[in-house]
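As a plain string of letters, each chain reads:
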Amino acid sequence: MKKILLACNAGLSTSMLVQKMKESAEERKIEVEILAVSVSSVEDHPNYDILLLGPQVRFLQDNIKEKVNMPVMVIDTMDYGMLNGKKVLDNALAEMKGE
């Protein structure tokens, strides 16, 4: 099972996106664990396959990459704003395959 971690300022704005991603995964029978957290707590969740950052914290990407042992990707602003859970999930899965 793949594990996807999403992070934003407080972990709240990504919660709705996580729900959409979970719905998309369930519809397509994709086994995945998805969790939203605040940027300040990403280091408390080391056992994930990828970290997706909300666009509002993209400026922290390089700093976070140095602190975690997983790929770090910024969520597309349009997909984030439109809560396009299917597209964000697909992008994360594609990134994990391409590691």
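Just above sits the structure.
Residues numbered from 1 in each chain as written. Predicted model: local features only at pLDDT ≥ 70, side-chain atom pairs only at ≥ 80, totals over all residues. Heavy atoms only, no water.

A.B. asks: With reference to specific residues and values, describe unusual backbone geometry.
C.D. replies: Although it is not a glycine, K29 sits at a positive phi angle of roughly 55 degrees. The residue K29 is located in the loop between α1 (13–27) and β2 (32–38) in this model. What makes K29 exposed here is its relative accessible area of 74%. Backbone geometry at L83 places phi at a positive 50 degrees, although glycine is not the residue there. With respect to the helices and strands, the residue L83 is situated in the loop between α3 (77–81) and α4 (85–97). Judged by relative accessible area, L83 falls into the partly exposed class, the value being 25%. (Helix = DSSP H or I, 4+ residues; strand = E, 2+ residues; numbered from the N terminus. Buried < 20%, exposed > 50% of the residue type's maximum accessible area, 1.4 Å probe, protein only.)

A.B. asks: Can you explain the side chain of S24? Please cite residues and give values.
C.D. replies: Looking at the secondary structure, you find S24 in helix α1. Overall, the relative accessible area of 6% leaves S24 in the buried class. When near neighbours in sequence (up to four residues on either side) are disregarded, S24 contacts G85, K86 and L89. (Contact = heavy atoms within 4.5 Å.)

A.B. asks: Describe the packing of aromatic side chains, naming the residues involved and giving the relevant values.
C.D. replies: For the coordinates displayed, the defined rule picks out zero aromatic pairs. Of note, K3 hangs over the ring of Y48, and the distance from its end group to the ring centre comes to 4.8 Å. (Phe/Tyr/Trp six-rings, centres within 6.5 Å; stacked < 30°, edge-to-face > 60°. Lys NZ or Arg CZ within 6 Å of the ring centre and 35° of its normal.)

A.B. asks: Hey, could you go over α4 for me, with residue numbers and the actual values?
C.D. replies: Here α4 spans 18 Å end to end across 13 residues, near enough to the 18 Å set by a 1.5 Å rise per residue. Among the residues of α4, G85, V88, L89, A92, L93 and M96 are the ones counted as buried. Down the axis of α4, the buried set is contained in an arc of 130 degrees. They therefore lie on one face. Buried positions along α4 lie against β1 (2–8), α1, β2, β3 (50–53), β4 (72–74) and α3. (Expected span 1.5 Å × (residues − 1). Arc of directions from axis to C-beta.)

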